[in-house]
Amino acid sequence: MRKTLVLPALLLSSLSVFSQVSVSHLLTENLPNPISIDNKTPRLSWQLSSPDRSELQTAYEIQVSDRPGGKPSAWNSGKVASEQSVWVTYGGTALQAGKKYFWRVRVWDNKGRESGWSKPASWQMGLLTPADWKAQWIQSAAKEDASQPSPLFRTTFTAKNGIASATAYITAHGLYEAQLNGQRIGDAYFTPGWTSYNKRLQYQAYDVTSLIHPGKNAVGAMLGSGWYRGYICYDWQHNFYGSDLSLLMQIIIRYDNGRIDTIASDGSWKTATGEVRHSEIYDGELIDHRQDQKGWSLPDFDDAAWTSVQPASYPKDNLVATGNEPVKKQETFHTGKLLTTPKGERVIDFGQNLTGWVILKLKGRAGDSIRLSHAEVLDKAGNFYTDNLRRAKAQDVFILKGREEETFEPHFTFHGFRYIRIEGTAGEINPDDYTAVALYSAMPKTGEFECSDALINQLQHNIQWGQQGNFLDIPTDCPQRDERLGWTGDAQVFSRTAAFNRGVDNFFAKWLKDLAADQKPNGAVPFVIPNVTGNGTSAGWADVATIIPWNLYLAYGDRKVLEDQYSSMKAWVEYIRGQAKNDLWNTGFHFGDWLFYRPADDNDGRSAVTDKYFIAQCFYAHSTQLLINAATVLGKKEDADAYSALLRRIKDAFLNEYVTPDGRLVSGTQTAYVLALEFDMLPEATRKKAAARLVQNIQDYNYHLTTGFLGTPYLCHVLSQYNYTTVAYKLLLQDTYPSWLYPVKMGATTIWERWDGIRPDGSFQTPGMNSFNHYSYGAIGDWMYRVVAGIDTYEDGPGYHHSRISPHPGGGLTSAAADLETCYGKISSHWRMTSDSLAIDIDIPANTTSTVYIPAPEGGVITEGGQKLSAVASIHIDGVEKGYLVLGLGSGSYHFLVRADYQEN
């Protein structure tokens, strides 16, 4: 007999109210359930969701326990009246190294409702001091050099019954791959990553509970030279950080009865070499399956022929937990197109320029070998082209063991390629046996942009793949040639676009710490980070020290990045002040507006040369302004006042040196006018005239851009700021050289280093510097998100806590759509235009507000959800501004319709 439960009406009503707001997406230090936190007061974040509009948090309560489902033994915040739902600082008892903590949160909203408790999340503390490391550094006793095979290390240990948890902590001098009982530990590659090793060496933590069983176990690792001692930089230096390959590993096993066992690298471990006979980042890898130590990480493997390791006394005080997402395998390309070139070479085209490697399945005789060479492009005759790799061989060689089908895959190298050339096998080639795998830092995908123009969509695709291919633990300049360095200028110009496409806060926060570590005592910032090039510095490059911290603050609302980097920011500005004379920075080396437009036969002065010291002065002002901004946010009023006075003198010096009484600039280039306007270098009365001169310059070049690395990111923004969005669209949609769409029409699948990497006649630019995967010019993506779709954040509510949505239909586009996952949830702006109407769909995440600008043509009628705006209670009309109706909105989904004979704005 079925029993029916009848709930009182009051209880039903309360349950309904209770369920209207919920909490999810719990993060610790911006990571889901991390296991190596070394911030002793970690920050906690969550997201609210509700079907209602204008949903705001008014209070929260956090509970933290040291056991799942337990009482809040570590912290109970109590009910805190606050709207803060991101970067909430832990305020409980002191946290213990290696210990796991569980937390949950509930919130109250502006409608008087309580969310109920979230599902629990967790974090685990890392090893907080050198004393927490019981392991010893170990290495091979044999003399080593970069050309020798990759060493293997192993040991066995016995685990008891009742294993509750087990965590492995691993780092290395070089790169490592670890195994436990024959299984790979984790899915991260190129660990421990690239940092300023002697000052900051990351370790990784792995949950290995499922890999350990009661009884005998075996653990070990293979090492590669990597960035630590391998050949690096275009001058082929090696052993930059050291000449050794060394391992540091310990496993902490916790049992149900409270017992703790530690397995640590020490002198009892053994070492040998295996199938990886040579591995270099630039040259590639040699794998000989005949040398495979099959089962080397299994407990019953016979290691009698292995030799004892040598313990080493390397420091541990430079060890830091990994706070950024590791490099992982991403997209795979299973079926490439097999080609035979005019030279008779057998080539596979994977259809996408990517960073990674090829996994190969092959069957043959023992000793047979196959060589895979990698290239980004074919030449105009259709032949395999590698001249632009310079001295990088970019070749993987695989030697067969014989008899059965074998699988080959590199370990400690990566390549930038679309094509592979296959040599050494005489039989038929089956493209299905060759799988290309993309590898890059596993930054969460946060942004999408799409519009009605197929070429612009391909440009967006290229921007995304340029970022993915170059964000491999550090922001590299290219993934294919003998360089692949963390060029500072490239990173700063692209950082705002990067923050739309991917969640780059952890990625850049890690890299900025290395910037501060490698910054010179006088405040100079090297060309590349980590610094392997020496003492050089340049305006527009070194300003990364101020630009990226501020951009991260805007994108994610995290004050800590400003706190962590403030000393570095200030040191950079003080360096410039020390170089300047009478507040004018007109000394020293500078790259200038790198790779600006230079026609081959410049008989009439068409090259867009911008005075380098003009540029330096603009960036001096810009970095000073950003330092003022940071000081203001951090409450450093004395600094803010002092640097505000300095900024006034910097701008006065600029006007005296570089601007005529009539308001003309000594350099009449697009970059000169863009920087002067973007950085507010000109008196307000002269700015409109300067913007008009910029437009005239663009028209003189028949609506082509002439900017290089430093002018390009701001070009369309300045045009839109001064009501020339129509001109900005013409630049965006230009498809002849130089333009953003020219490479697209030439078949590019990533962003090129040069506007004319491949010339219209099919010939190449100089091979000494001609990357076909180089993200800098992809900075136009920022304008596409922030202006075309119109998604932006205000400084009074960074991280999109207070967003601005101001779409700019135009350029002949009939639609555009952008989505962005913020710390608070997804924000969207989609518009579609017909001959007589404009539809705009907007999503605003809970616990945020937005100022929305709706194009309002004269005589037009605007509705939301089919109703007049005045009838929608959740909409506040703030006024009219430059042809836009300005609205104040809370969270929720909105559908606006503008009816009129619609004209582009």
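Our subject is the structure that appears above.
Residues numbered from 1 in each chain as written. Predicted model: local features only at pLDDT ≥ 70, side-chain atom pairs only at ≥ 80, totals over all residues. Heavy atoms only, no water.

1. Considering the sheet that holds strand β37 (residues 802–805)
Spatially, the five strands line up as an open sheet ordered β36-β37-β41-β45-β44, and their pairing is mixed. Each edge of the open sheet carries a strand with a single partner, namely β36 (791–793) and β44 (875–881). Pairs of neighbouring strands in the sheet enclose a mean axial angle of 25°, with direction left out of account. Here β36 runs beside β37; their pairing, made up of three bridges, is antiparallel. Counterpart to D792 in the pairing with β37 is R804. (Pairing = 2+ DSSP bridges. Helix = DSSP H or I, 4+ residues; strand = E, 2+ residues; numbered from the N terminus. Axes fitted to C-alpha atoms, helices over the stretch in contact; angles between N-to-C directions.)

2. Observations regarding the pairing of strand β40 (residues 837–844)
Most of β40 is tucked away: six of the eight residues are buried. Bridge count between strand β39 (residues 825–833) and β40: six bridges; the pairing is antiparallel. Each residue of the ladder has a partner; that of S829, found in β40, is I842. What sits between the antiparallel neighbours β39 and β40 is a turn of three residues. (Buried < 20%, exposed > 50% of the residue type's maximum accessible area, 1.4 Å probe, protein only.)

3. Things to note about the nonpolar core
Nonpolar side chains tend toward joint burial in soluble globular proteins. Core analysis: the biggest nonpolar cluster contains 217 residues, and Y434 and F896 have the highest contact counts within it. Ranked by residue count, the leading element in this core is helix α8 (residues 612–633), at twelve residues. Among all residues touching Y434, those that are not within four sequence positions of it are F333, H334, I348, F350, V358, I359, L360, I370, L372, I420, I422 and I429. (Core = buried A, V, L, I, M, F, W, Y, C linked by side-chain atoms within 4.5 Å. Contact = heavy atoms within 4.5 Å.)

4. Let's talk about the pairing of strand β25 (residues 346–362)
Burial runs high along β25: 14 of the 17 residues are buried. Strand direction decides the pairing type here: strand β24 (residues 337–340) and β25, joined by four bridges, are antiparallel. Directly across from K337, in β25, lies its bridge partner D349. Between β24 and β25, which pair antiparallel in sequence order, lie five residues; one of them, G344, sits at a positive phi of approximately 85°. Pairing between β25 and strand β31 (residues 415–423): seven bridges, direction antiparallel.

5. As for helix α12 (residues 712–721)
Burial runs high along α12: nine of the ten residues are buried. Taken together, the buried positions of α12 are T712, P713, Y714, L715, C716, H717, V718, L719 and S720. Positioned one or two residues after α12, N723 has a phi angle of 65°, which is positive.

6. What to know about unusual backbone geometry
Following T191, the chain continues to P192 via a peptide bond in cis, the omega torsion being 10°. Along the chain, P192 falls in the loop between β13 (183–184) and β14 (201–207). Cis rather than trans, the peptide bond between I529 and P530 has omega equal to -5°. A positive phi angle is found at R390, which is not glycine, with a value near 60°. Relative to the helices and strands, R390 is located in the loop between β28 (384–385) and β29 (395–399). Judged by its relative accessible area of 29%, R390 is partly exposed.

7. Details of the sheet that holds β40
The strand order across the open sheet built from seven strands is β33-β38-β39-β40-β46-β42-β43, with neighbouring strands paired in antiparallel fashion. The open sheet has two edge strands, β33 (447–451) and β43 (867–868), and neither has a second partner. Its contacts with the sheet put helix α15 (residues 780–789) on β33, β38 (815–822) and β39, and the angle it makes with β33 is roughly 65°.

8. Considerations on the side chain of Q670
Here Q670 is to be found in helix α10 (residues 670–678). A polar contact is formed between the side chain of Q670 and the side chain of N697, at a distance of 3.0 Å. Polar contacts involving the side chain of Q670 include one to the main-chain carbonyl oxygen of H704, which spans 3.1 Å. Those residues in contact with Q670 that sit more than four places away from it in its chain are L694, N697, I698, Y701, H704, L705, T706, T707 and L715. (Polar contact = N/O pair within 3.5 Å; in protein donor to acceptor, adjacent residues only side chain to side chain.)

9. Topic: helix α13 (residues 725–733)
Along α13, the residues classified as buried are T725, V727, A728, Y729, L731 and L732. Elements that come into contact with the buried residues of α13 comprise α3 (454–470), α11 (684–700), α12, α14 (741–745), α15 and β39.

10. Digging into the packing of aromatic side chains
Under the defined criterion, the tally for this structure stands at 61 aromatic pairs. Ring centres of F494 and Y775 lie 4.9 Å apart, and the angle between their planes is 50°; on these two criteria the pair is classed as tilted. One end of the pair, F494, is in helix α4 (residues 488–501); the other, Y775, is in the loop between α14 and α15, and 281 residues separate them in sequence. The two residues F494 and Y775 agree in class, both being buried. Pairing Y742 with W752 gives two aromatic rings, centres 6.3 Å apart and planes at 90°, and the pair type is edge-to-face. Remark: W752 occurs in the loop between α14 and α15 and Y742 occurs in helix α14; sequence separation between them is ten residues. (Phe/Tyr/Trp six-rings, centres within 6.5 Å; stacked < 30°, edge-to-face > 60°.)

11. Observations regarding the environment of V219
Inspection of the secondary structure puts V219 in strand β15 (residues 215–224). For V219 and I348, which are 129 residues apart along the polypeptide, the C-alpha to C-alpha distance reads 38 Å. Those residues in contact with V219 that sit more than four places away from it in its chain are F153, R154, T155, F157, Q179, L180, I185, M249, I251 and W269.

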